[in-house]
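Chain residues, written in single-letter form:
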Amino acid sequence: MPLEAGLLDILACPACHAPLREEEGPETPELVCTGEGCGLAYPVRDDIPVLLVDEARRPA
């Protein structure tokens, strides 16, 4: 899931505004929040990050 160059530099977690990192999720690729105490994982569907808190997976 290579995102467009520089995209991660401008994207942030909508819940806490911390930077995001790419990870391979259980079903789809995800962008995971790096903020302490947050850790929400946002799905990437069809190479488009879905940065909606309601769609995010809570940390285990």
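Residues numbered from 1 in each chain as written. Predicted model: local features only at pLDDT ≥ 70, side-chain atom pairs only at ≥ 80, totals over all residues. Heavy atoms only, no water.

Participant: Where do I start with the pattern of salt bridges in this structure?
Facilitator: Two side chains that carry opposite charge are able to pair once their charged atoms sit near each other. Per the counting criterion, the structure on display carries 3 salt bridges. A salt bridge links Glu23 to Arg21; the nearest nitrogen and oxygen atoms lie 2.7 Å apart. Arg45 serves as the salt-bridge partner of Glu55, at 3.0 Å between the closest nitrogen and oxygen. Of this pair, Glu55 sits in the segment after strand S4 (48-49) while Arg45 sits in strand S3 (residues 41-45), and the two are 10 residues apart along the sequence. When its relative accessible area of 40% is taken as the criterion, Arg45 is described as partly exposed. (Salt bridge = Lys/Arg side-chain N within 4 Å of Asp/Glu carboxyl O. Helix = DSSP H or I, 4+ residues; strand = E, 2+ residues; numbered from the N terminus. Buried < 20%, exposed > 50% of the residue type's maximum accessible area, 1.4 Å probe, protein only.)

Participant: Sorry if this is basic, but what is going on with unusual backbone geometry here?
Facilitator: Only a minority of non-glycine residues have a phi that is not negative, and only a minority of peptide bonds are not trans. Here His17, not a glycine, exhibits a phi torsion of approximately 70 degrees, which is positive. As for its position among the elements, His17 is in the loop between helix H1 (7-10) and strand S1 (20-24). Despite not being glycine, Asp47 has its phi angle at roughly 65 degrees, a positive value. Examined against the element boundaries, Asp47 turns out to sit in the loop between S3 and S4.

Participant: Would you mind going over the environment of Cys38 with me for this structure?
Facilitator: Turning to its location among the elements, Cys38 is positioned in the loop between strand S2 (29-33) and S3. Given a relative accessible area of 15%, Cys38 falls into the buried group. Considering only alpha carbons, one finds Cys38 and Asp54, 16 residues apart in sequence, at a separation of 14 Å. When residues no more than four places from it in sequence are discounted, the contact partners of Cys38 are Cys13, Ala15, Cys16, Cys33 and Pro59. (Contact = heavy atoms within 4.5 Å.)

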